[in-house]
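Notes for the structure review
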Amino acid sequence: MMRAVVVERAGGPEVLELREVTVPTPATGEVLIRVKAFGLNRSELHFRRGAAYSGSFPRIPGIEAAGVVAAAPGGEFAAGVQVMTMMGGMGREFDGGYAEFVVVPAAQVIPFRSALPWEQLGAVPEMLQTANGSLEIGLQAQPGQSVLIRGGTSSVGLAAAVLAQLRGLTVLSTTRRESARPLLESFGVDHVIIDDGEVAAQVRELVPGGVDGAIELVGANVMRDTLRSVRTGGTVCFTGMLSDVWTIPEFYPMDWLPNGVRLTAYSGEAADLDAPVLQTYLDAVAEGVARIPVGRVYAMHEIVEAHRDMEAGAVGGKGVVLT
């Protein structure tokens, strides 16, 4: 038996129930992972509320996990290997990472080696995949360029700032709170912008021609302004929806899109995070040249509190649960 968080029906944080359930059995082509820690994601909040576009109840939620291989019938990984996994239907189509053990397809398992504590490692999988993919795939960012991160105090925003600095980019990052300025600066942000709903004018005071690229993490409600922060030939990557505003009711491209500004999106899978990228990041953290933006760390029995904090925006980085 194992401990797992089970959701029987959509609802508030109180529908998250910690139970004793049977440890799942992996088939050939699958891997049983002993979960050491898992990160908290807003998509899990949406699923729990019943607002997600996919998934079913009852379900063990959780779109990511970090731990060690317990079994791999197909021989893809040796027992004891440190691994991370994410996405691919985890926590929606099949049971996810809010548990002491999880079974996932071997193709979405990423090995690594690290002596970092699990409360840090548990924050990495989905956050790194999203931040790295937004920069590499969404923006195709190049050294020497400038990037605006709209929603900079989120875990993905902080991770993107770290990765952008490692790649030699100039980073502008937004927050609604002046009190968050030290946090952003501690993660290497070059220019902190206080977001009052419109930031394009402030961005262009700092970078008169407009930034080369922008990662939109707030949502569709501010994206029109974000587009106006970017130079002709630059790119906005729509990655997140912290505001929970996902769609544009009446999208008039000629009005929304400035001349020559490109709009892309990023929503990746485990295959988009190569093992060398993960290893390089973890090594950089171990060497002190990068950081993992862990906000709060919880025990499994605190999962309801953790979701309440996530809803209230009170985590201050990536929320992590130790099993």
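See the structure above.
Described in the following lines is the structure provided in the data block. (Residues numbered from 1 in each chain as written. Predicted model: local features only at pLDDT ≥ 70, side-chain atom pairs only at ≥ 80, totals over all residues. Heavy atoms only, no water.)

**So, the sheet that holds strand β9 (residues 170–175)**
- Ordered in space as β10-β9-β8-β11-β12-β13, the six strands form an open sheet in which the pairing is parallel. At either margin of the open sheet sits one strand with a lone partner, and together these are β10 (191–194) and β13 (262–265). Adjacent strand axes in the sheet meet at a mean angle of 20° when their direction is disregarded.
- Sheet contacts for helix α4 (residues 155–166): β8 (146–150), β9 and β11 (211–216); angle to β8, the most-contacted strand, approximately 170°. (Pairing = 2+ DSSP bridges. Helix = DSSP H or I, 4+ residues; strand = E, 2+ residues; numbered from the N terminus. Axes fitted to C-alpha atoms, helices over the stretch in contact; angles between N-to-C directions. Contact = heavy atoms within 4.5 Å.)

**Some remarks on the packing of helix α3 (residues 125–139) against α4**
- Relative to each other, α3 and α4 sit at 55°, their axes nearing to 9 Å. Compared by their axis directions, α3 and α4 come out oblique. At the point where α3 passes α4, the crossing takes the right-handed sense. Within the contact between the two elements, α3 uses M127, L128, T130, A131, N132 and L135 and α4 uses S155, V156, A159, A160, L163 and A164.
- Of the residues belonging to the contact of α3 with α4, the class tally is nine nonpolar, three polar and no charged. (Parallel < 35°, antiparallel > 145°, perpendicular 65-115°, else oblique. Left-handed = near helix turned anticlockwise from the far one by under 90°. Nonpolar A, V, L, I, M, F, W, Y, C, P; charged D, E, K, R; others polar.)

**Quick notes on the side chain of Q82**
- Relative to the elements of secondary structure, Q82 occurs in strand β5 (residues 82–86).
- Owing to a relative accessible area of 17%, Q82 belongs among the buried residues under this scheme.
- For Q82, the side chain forms a polar contact with the main-chain nitrogen of S114, separated by 2.9 Å. (Buried < 20%, exposed > 50% of the residue type's maximum accessible area, 1.4 Å probe, protein only. Polar contact = N/O pair within 3.5 Å; in protein donor to acceptor, adjacent residues only side chain to side chain.)

**Things to note about the pattern of salt bridges**
- In the structure shown here, the tally under the stated rule is 16 salt bridges.
- Note that R48 and E311 form a salt bridge whose closest N and O atoms lie 2.7 Å from each other. Placement of R48 in helix α1 (residues 42–49) and of E311 in helix α10 (residues 303–312) is noted, with a sequence separation of 263 residues between them.
- Using a relative accessible area of 31% as the deciding quantity, one classes E311 as partly exposed.
- Across the pair D195 and R150 runs a salt bridge, and its minimum N-O distance is 2.7 Å. Taken together, the positions of D195 in the loop between β10 and α6 (200–206) and R150 in strand β8 put the pair 45 residues apart, joining distant regions of the chain. This pair shows no difference in class: D195 is buried, exactly as R150 is. (Salt bridge = Lys/Arg side-chain N within 4 Å of Asp/Glu carboxyl O.)

**Topic: α4**
- For α4, built from 12 residues, the straight-helix expectation of 16 Å at 1.5 Å per residue is met to within 8% by its first-to-last C-alpha distance of 17 Å.
- Most of α4 sits out of view: 10 of its 12 residues are buried.
- All of the buried residues in α4 are S155, V156, G157, L158, A159, A160, A161, V162, L163 and A164.
- Phi turns positive one or two residues past the end of α4, at G168, with a value near 80°. (Expected span 1.5 Å × (residues − 1).)

**A look at the pairing of strand β1 (residues 2–7)**
- Counted residue by residue, β1 has five buried out of six residues, so it is predominantly covered.
- Sheet analysis places β1 next to strand β2 (residues 16–21), joined by six bridges and oriented antiparallel. Note that in β2 the partner of A4 across the bridge is R19.

**A closer look at α10**
- Taken together, the buried positions of α10 are occupied by I303, A306, H307, D309 and M310. Buried positions in α10, seen along its axis, are confined to an arc of 160° and lie on one side of it. (Arc of directions from axis to C-beta.)

**Regarding the environment of G55**
- Within the fold, G55 resides in the loop between α1 and β4 (64–71).
- On a C-alpha basis, the gap between G55 and G288 in space is 39 Å, while along the polypeptide they are 233 residues apart.
- Each residue touching G55, except ones within four places of it in the same chain, is listed here: F47, R92 and E93.

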